[in-house]
Amino acid sequence: MEILYRSDEIAGRIAAMGAEITEYYRGKELTLVTLMTGGLCFAADLARAIDLPLWIDSLAVASYRGCRSTGELEFRSMLKLDPAGREILILDEVLDSGTTLKCVCDYFGKRGAAGVRTAVMVEKRLPRPNGLAHADWTGFVTGTRYLVGYGLDADELYRNLPHIAALD
Ligand SMILES: O=P(O)(O)OC[C@H]1O[C@H](OP(=O)(O)OP(=O)(O)O)[C@H](O)[C@@H]1O
Ligand SMILES: Nc1nc2[nH]cnc2c(=O)[nH]1
């Protein structure tokens, strides 16, 4: 396992992203929606780096089933808040094929959100013909290796590592 981003480097990017997001949403009513389970660490840190009153909700979806072929998301857990009329910022730890975030953005659009934006900790450097091309806020841009730590798992392990590492 090779460490790609240390916890102090992650903290530095979180602080910078939090400051940018704070300025962007100043004067608006912001709702963060964390994609579980992977977005857990990122959301916990980023929410505390945003200096605004805000709502927090979460959603769990199966990214590799359903959505790509049918355009429908498979939900493992539902929202608590009604997204209609809200400024939604979706938080996820990795943008890979972009399928998950594209489907989730479309879902919030259909549910009547006033605005839908995205923030990810890591974006992989690859073409995303069927997915969201880029997040609105990104911590790091990296290669295509399989990542673990800081929420990212391999068979549900490693999510609690404080750094982000490549498994191979
Ligand atoms: O850009 P994509 O190719 O769609 O991949 C990104 C998604 O894959 C992972 O979720 P996963 O389905 O593994 O669930 P998890 O959050 O429970 O780990 C990750 O948390 C992202 O949500
Ligand atoms: N753990 C993990 N999950 C992913 N989902 C999409 N890409 C990745 C990755 O690199 N690591």
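Everything below is about the structure shown above.
All residue numbers refer to positions counted from 1 along the written sequence of the respective chain. To label them, take the chains in the order written and letter them from A, then take the ligands in the order written and number them from 1. For a predicted model such as this one, the threshold for reporting local features is a pLDDT of at least 70, and the threshold for listing and counting side-chain atom pairs is 80 or more; totals across whole chains, interfaces and linings nevertheless cover every residue. Side-chain metrics rest on all non-hydrogen atoms present in the structure, leaving aside hydrogens and water.

Colleague: What is the right way to look at the pairing of strand 7 (residues 137-142) in this model?
Modeller: Put simply, side chains in a regular strand alternate between the two faces of the sheet. Here the term buried applies to any residue with accessible area under 20% of the maximum for its type, exposed to any over 50%, and partly exposed to those in between, with areas from a 1.4 Å probe on protein chains only. For the purposes of this entry, the term helix denotes a DSSP run of H or I that reaches at least four residues, the term strand denotes a run of E that reaches at least two, and both are numbered from the N terminus. In terms of burial, strand 7 is largely enclosed, as five of its six residues are buried. Where strand 6 (residues 115-124) lies against strand 7, five bridges are found, and the strand directions are parallel. Within strand 7, the position partnered with Ala119 by the bridge is Trp137. Two strands pair if DSSP finds at least two bridges between them.

Colleague: Would you mind going over the site of ligand 2 with me for this structure?
Modeller: Taken together, eight residues sit near ligand 2, with Asp96, Lys124, Tyr146, Leu147 and Asp153 positioned nearest. Interatomic distance of 2.6 Å between a side-chain N/O atom of Lys124 and an oxygen atom of ligand 2. Polar contact is the term for a pair of N or O atoms within 3.5 Å; when the atoms are in protein, one must be able to donate a hydrogen and the other to accept it, and sequence-neighboring residues count only if both atoms are side-chain atoms. One of the side-chain N or O atoms of Tyr146 is found 3.0 Å from a nitrogen atom in ligand 2. Surface exposure here means Shrake-Rupley accessible area, sampled with a 1.4 Å probe, where a residue is shielded only by the protein chains that are shown. Protein coverage of the free-state accessible area of ligand 2, which is 280 Å², stands at 87%. A single heavy atom is enough: if one lies within 4 Å of a molecule or strand, its residue is considered near that molecule or strand.

Colleague: Would you take a moment to explain the site of ligand 1 for this structure?
Modeller: The environment of ligand 1 is formed by 16 residues, the closest being Asp92, Glu93, Ser97, Gly98 and Thr100. At 2.5 Å from an oxygen atom of ligand 1 is found a side-chain nitrogen or oxygen belonging to Asp92. Within the contact set of ligand 1, an oxygen atom lies 3.4 Å away from a side-chain nitrogen or oxygen of Asp153. The fraction of the free accessible surface of ligand 1 (500 Å²) that becomes covered by protein chains is 87%. Those elements that place two or more of their residues in the shell around ligand 1 are strand 5 (87-95) and helix 4 (99-110). When residues of the shell around ligand 1 are assigned to their parent elements, the largest contribution, four residues, is made by strand 5. Basically, the charged four are Asp, Glu, Lys and Arg, the nonpolar ten are Ala, Val, Leu, Ile, Met, Phe, Trp, Tyr, Cys and Pro, and anything else, Gly included, counts as polar. Residue composition of the shell around ligand 1, grouped by class: four nonpolar, seven polar and five charged.

Colleague: Whenever I open this one, a nonpolar patch on the surface confuses me. Can you help?
Modeller: Nonpolar side chains (Val, Leu, Ile, Met, Phe, Trp, Tyr) are joined into patches within 5 Å and like charges within 9 Å, using only residues with over 30% relative accessible area and no salt bridge. Think of a salt bridge as a Lys or Arg side-chain nitrogen and an Asp or Glu carboxyl oxygen that are within 4 Å of each other. Taken together, the side chains of Met1, Tyr146, Leu157, Tyr158 and Leu167 present a nonpolar region at the surface, about 490 Å² in accessible area. Within the secondary structure, Leu167 sits in the segment after strand 9 (164-166). Among the residues examined, Leu167 registers a relative accessible area of 32% and is labelled partly exposed.

Colleague: Explain the sheet that holds strand 7 here, please?
Modeller: Note: strands within a sheet are paired through backbone hydrogen bonds, in either parallel or antiparallel orientation. Ordered in space as 4-3-2-5-6-7, the six strands form an open sheet in which the pairing is mixed. Each of the sheet's edge strands pairs with one partner strand only, and the pair in question is strand 4 (74-77) and strand 7. Within the sheet, the average angular offset between the axes of one strand and its neighbour, ignoring direction, is 30°. Its contacts with the sheet put helix 2 (residues 40-49) on strand 2 (30-36), strand 3 (54-62), strand 5 and strand 6, and the angle it makes with strand 5 is roughly 130°. Think of each axis as a best-fit line through the C-alpha atoms, taken over the contacting stretch in the case of a helix, with angles from 0 to 180 degrees between the N-to-C directions. Throughout, a contact is declared for two residues whenever any of their heavy atoms are within 4.5 Å.

Colleague: Honestly, the pattern of salt bridges in this entry has me stumped. Any pointers?
Modeller: Pairs can form between side chains of opposite charge whenever their charged atoms are close. Summed over all chains, the structure comprises 13 salt bridges. A salt bridge links Asp96 to Lys124, with the nearest nitrogen and oxygen atoms 2.9 Å apart. Within this pair, whereas Asp96 is found in the loop between strand 5 and helix 4, its partner Lys124 is found in strand 6, the two being separated by 28 residues in sequence. Glu156 is the partner of Arg159 in a salt bridge, and the nearest nitrogen-oxygen pair spans 2.7 Å. What makes Arg159 buried here is its relative accessible area of 16%. Connected through salt bridges with shared partners, the residues Glu2, Arg145 and Asp168 form a single ionic network.

Interpretation note: all reported values are geometric properties and have no functional meaning in isolation.
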